[in-house]
Amino acid sequence: MRLTHQRRSYKAGRLDAQRVAESDGLGMVWAPREDAFADGLAAAKAWAGAHGHFLPPATAVRHEYPVGKWAKNMRDAARLADRIAARRKVGEPVGSEAGALTDERRRQLDDIDPGWCPAWDNLHQQPCPRLSQKRDIALRTAH
């Protein structure tokens, strides 16, 4: 049975319990997209914890995870969701919502850093947190 079919059968509750147990024993990932998002979210939390914000450059890597590329992809998905919502609001056809960030995932990213997805190009915002941190350090050491 192909892996895709096995996952569909599992999700629908039609996969034999013996096959589920065998697959689990081999380390089967039943929801790879959920696991991938969880990995990215963990990297985002680590980045924000270390840097005080979640605006990594596209080339950023945290513990061997490409957190910058993942963040860019999440911002693209959030902006797609925003465009879909705007079209829906004015009564225009929406089409496929594939690739759009869900409200739940956006909330999880907002919990890490509410400014993670600026309306403008991220390149303009990246220096701001660093400047703010340097200013805060300068103010603390001046007293």
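Above this note sits the structure.
Bear in mind that the values here come from a model prediction, so they are computed numbers and not experimental data.

Conventions adopted
Residues numbered from 1 in each chain as written. Predicted model: local features only at pLDDT ≥ 70, side-chain atom pairs only at ≥ 80, totals over all residues. Heavy atoms only, no water. Polar contact = N/O pair within 3.5 Å; in protein donor to acceptor, adjacent residues only side chain to side chain. Helix = DSSP H or I, 4+ residues; strand = E, 2+ residues; numbered from the N terminus. Phe/Tyr/Trp six-rings, centres within 6.5 Å; stacked < 30°, edge-to-face > 60°. Buried < 20%, exposed > 50% of the residue type's maximum accessible area, 1.4 Å probe, protein only. Lys NZ or Arg CZ within 6 Å of the ring centre and 35° of its normal.

A. Spotlight on helix 2 (residues 17–25). Among the residues of helix 2, the N-terminal cap falls to Asp-16, whose side-chain oxygen and the backbone nitrogen of Gln-18 are separated by 3.0 Å. With its phi angle positive at about 85 degrees, Gly-27 sits one or two positions after the end of helix 2.

B. Seen up close, the packing of aromatic side chains. Under the definition given, this model contains two aromatic pairs. Ring geometry for Phe-37 against Trp-70: centres 5.5 Å apart, planes inclined by 50 degrees, an arrangement best described as tilted. You can see Phe-37 sitting in helix 3 (residues 32–51) and its partner Trp-70 sitting in helix 4 (residues 67–89), a full 33 residues away along the chain. We classify Trp-70 as buried; its relative accessible area is 8%. Seen from their ring centres, Phe-54 and Trp-70 are 6.4 Å apart, and the 50 degrees between their planes marks the pair as tilted. Remark: Trp-70 occurs in helix 4 and Phe-54 occurs in the loop between helix 3 and helix 4; sequence separation between them is 16 residues. Here Phe-54 matches Trp-70 in class, with each residue buried. Here the aromatic residues Phe-37, Phe-54 and Trp-70 are joined through ring pairs into a cluster of three or more. Of note, Arg-105 hangs over the ring of Phe-37, and the distance from its end group to the ring centre comes to 4.3 Å.

C. The arrangement of unusual backbone geometry in detail. One non-glycine residue with positive phi stands out, namely His-63, at about 50 degrees. Taking the relative accessible area as the measure of exposure, His-63 reaches 66% and is therefore exposed. A positive phi angle, close to 70 degrees, is found at Glu-64, a residue other than glycine. Here Glu-64 shows up in the loop between helix 3 and helix 4. Overall, Glu-64 belongs to the exposed group, its relative accessible area being 78%.

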